[in-house]
Amino acid sequence: RCRPMSKKEVEDSRKRIVEMDVATGEVTIKNPDSDPREQPKPFTFDQVYDFNCTQSGLFETTAQPIVDSVLQGYNGTVFAYGQTGTGKTHTMEGQWDP
C-alpha cells in the first residue's frame, strides 16, 4: 500500500509515480525524469492495496487473521516494511495531513 498524496504534495503539483493494480497484484513505477518512451517498471506481489483502500479493509484482510490467532494463544507479528514516505505510518495510524 502506498499512501494517498498529502495536501502539501498536491499543492506543490507533485506527480504520483506509483500505480497499483489490485486485481493483478502489480505495482508499476515510472521515473518522472526519464524519456517519455521509457516503460514503467512492473513489480508483482501476492496482494497490493491502492490509494483508495480503507483502514478497515486493510486491517480485515491482513491483520485481523493474525489478531484472531493471537487471541487463540498463538504468536503473531504485523511487520510494516518499506521505503521512507510510502505509507507505513499511514497504514498503521490513518490519515495525517500537517
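Here, every reference points to the structure presented above.
For clarity, every value in this text was computed on a predicted model and none was experimentally measured.

## A short note on a nonpolar patch on the surface
- A surface patch of nonpolar side chains, about 330 Å² in accessible area, is lined by I17, I29, F43 and F45.
- If you trace the backbone, F45 turns up in the loop between β3 (41-44) and α2 (55-71).

## What about α2?
- With 17 residues, α2 extends only 21 Å from end C-alpha to end C-alpha; this falls clearly short of the ideal 24 Å at 1.5 Å per step.
- The sharpest bend along α2 reaches about 55° and sits at A63, with the proline P65 one to four residues further on.
- Following α2 by one or two positions, G73 has its phi on the positive side, about 105°.

## Some remarks on the pattern of salt bridges
- Under the definition given, this model contains five salt bridges.
- Ionic pairing is found between D12 and R14, a salt bridge with its closest N-O pair at 3.5 Å.
- The class for R14 is partly exposed, based on a relative accessible area of 48%.
- One salt bridge in this structure joins E19 and R16, with 3.5 Å as the shortest N-O distance.
- For E19, a relative accessible area of 39% corresponds to the partly exposed category.
- One network of salt bridges, with partners in common, ties together K8, D12 and R14.

## Comments concerning the packing of aromatic side chains
- Enumeration according to the criterion identifies zero aromatic pairs in this entry.
- Above the ring of F51, the side-chain terminus of R16 is found at 4.2 Å from the ring centroid.

## Remarks on the pairing of strand β2 (residues 26-29)
- Bridge count between strand β1 (residues 18-21) and β2: four bridges; the pairing is antiparallel. The partner of E19 across the bridge, within β2, is T28.
- From the end of β1 to the start of β2, which pair antiparallel, there are four residues, and G25 there has a positive phi angle of about 75°.

## Description of the sheet that holds β3
- As summarised here, the arrangement of the three strands in space is β1-β2-β3, forming an open sheet in which the pairing is antiparallel. Looking along the sheet, the strands with just one partner apiece sit at the ends: β1 and β3. Between one strand axis and the next, the sheet turns through 20° on average, direction left out of account.

## Quick look at the nonpolar core
- Grouped together as the largest cluster of nonpolar side chains are six residues: C2, V18, M20, V27, V48 and F51.
- Those residues in contact with V27 that sit more than four places away from it in its chain are V18, E19, M20, K41, P42, F43, F45 and V48.

## A few points about the environment of K30
- You can see K30 is positioned in the loop between β2 and β3.
- Between the C-alpha atom of K30 and that of P40, which follows or precedes it by ten residues, the distance is 4.5 Å.
- In this structure K30 touches I17, P36, E38 and P40, once residues within four positions along its chain are discounted.

Conventions used here
- Residues numbered from 1 in each chain as written.
- Predicted model: local features only at pLDDT ≥ 70, side-chain atom pairs only at ≥ 80, totals over all residues.
- Heavy atoms only, no water.
- Patch = residues over 30% accessible without salt bridge, like charges linked within 9 Å, V, L, I, M, F, W, Y side chains within 5 Å.
- Areas by Shrake-Rupley, 256 points an atom, 1.4 Å probe, with all protein chains shown as cover.
- Salt bridge = Lys/Arg side-chain N within 4 Å of Asp/Glu carboxyl O.
- Helix = DSSP H or I, 4+ residues; strand = E, 2+ residues; numbered from the N terminus.
- Expected span 1.5 Å × (residues − 1).
- Bend = angle between axes of the 7 residues up to and from the residue.
- Buried < 20%, exposed > 50% of the residue type's maximum accessible area, 1.4 Å probe, protein only.
- Phe/Tyr/Trp six-rings, centres within 6.5 Å; stacked < 30°, edge-to-face > 60°.
- Lys NZ or Arg CZ within 6 Å of the ring centre and 35° of its normal.
- Pairing = 2+ DSSP bridges.
- Axes fitted to C-alpha atoms, helices over the stretch in contact; angles between N-to-C directions.
- Core = buried A, V, L, I, M, F, W, Y, C linked by side-chain atoms within 4.5 Å.
- Contact = heavy atoms within 4.5 Å.

The values reported here are purely geometric and, on their own, carry no functional implication.
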